[in-house]
Amino acid sequence: MPIDLLLLAYSAGVFPMADHRIDDEVYWVEPRERAIIPLDGFHLAKSLKKVLQQDRFAVTCNHDFGAVITECAAPREEHAESWISHRIEASYIMLHRAGYAHSIECWQDGLLVGGLYGVAFDRVFCGESMFSRTADASKVALAWLVAAMRNAGYRLLDCQFMTDHLGTMGAVALPQSGYLDLLSGSRGQPSAPLPSVVAELAGASSPGKAIVQSLTQTS
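Residues numbered from 1 in each chain as written. Predicted model: local features only at pLDDT ≥ 70, side-chain atom pairs only at ≥ 80, totals over all residues. Heavy atoms only, no water.

S.K.: Looking at this model, I keep getting lost on the environment of Met169. Mind explaining?
M.R.: Along the chain, Met169 falls in the loop between helix H6 (164-168) and strand S9 (172-175). A relative accessible area of 4% places Met169 in the buried class. Each C-alpha atom, one on Met169 and one on Ala143, is 9.0 Å from the other, the two residues being 26 residues apart in sequence. Sequence-distant contacts of Met169, that is, excluding residues within four places in its chain, are made with Ile37, Gly41, Phe42, His43, Leu48, Lys139 and Leu142. (Helix = DSSP H or I, 4+ residues; strand = E, 2+ residues; numbered from the N terminus. Buried < 20%, exposed > 50% of the residue type's maximum accessible area, 1.4 Å probe, protein only. Contact = heavy atoms within 4.5 Å.)

As structure tokens, this is what we get:
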């Protein structure tokens, strides 16, 4: 899929999916109900706060986008199918190379154990998928993303579909029309690139405490 087509779709509130990993066909989805995480409404549970403050993971941005999307495309259970087809995966790698898709990685002992990826344009980040190979890794990646978006001047974090898991992190559901209004109000450029903000946070003497401080301070 061409980069221009993907960006046009996302800017109109539409995104692609496939029926299975080897599917060459792509269909465009415009949900009636959309899930978002308000950047000032992220729910930082006490247990996650503790994990962050302990710096259990080394966190990076765009260090290995390809590995993150491959992990996200892996089946979560036996006989399950992934909506991230090889065609979609290749398209997002192109978006990443063009600067419009980013990944957050969590590392432990040099191994990639969790992360997420999504599409970034204007002051919007459309989260696509996340994975975790050890407890709390994907939650830590999401916490870092929210903190970095707040620091970089983003306005909208799209989560596509509402789930119980996202609800525990502060996600809320709204009609697609409401999402489109938020999308329209998020035009323009952020104050700083997401990768540079993540790198700045990671360079703190205690990165996890910096993330907690960012998430708990009022906007």
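Don't stop here, the text continues.
S.K.: I keep staring at the nonpolar core and nothing clicks. Help me out?
M.R.: In globular proteins that are soluble, nonpolar side chains generally tend to be buried together. Among the nonpolar cores identified, the biggest contains 43 residues, and Phe42 and Leu157 are the most heavily contacted of them. Where this core is concerned, the elements lending two or more residues are helix H2 (46-53), strand S4 (58-61), strand S5 (101-108), strand S6 (111-121), helix H5 (137-152), strand S8 (156-160), helix H8 (194-202) and helix H9 (207-216). In terms of residues, this core owes the most to one element, H5, which gives 12 residues. Non-local contacts of Phe42, meaning those with residues more than four positions away in its chain, are made with Ile37, Leu48, Leu142, Ala143, Val146, Met169 and Leu215. (Core = buried A, V, L, I, M, F, W, Y, C linked by side-chain atoms within 4.5 Å.)

S.K.: In this structure, what is going on with the pairing of S5? I would like to understand it.
M.R.: Two faces belong to every sheet, and in a regular strand the side chains alternate between them. Across the eight residues that make up S5, a large majority, seven, are buried. Sheet topology places S4 next to S5; four bridges connect them, and they run antiparallel. Residue pairing in the sheet places Thr60 in a bridge with Glu105 of S5. Connecting S5 to the next strand, S6, in antiparallel fashion are two residues, including Asp109 with a positive phi near 55 degrees. (Pairing = 2+ DSSP bridges.)

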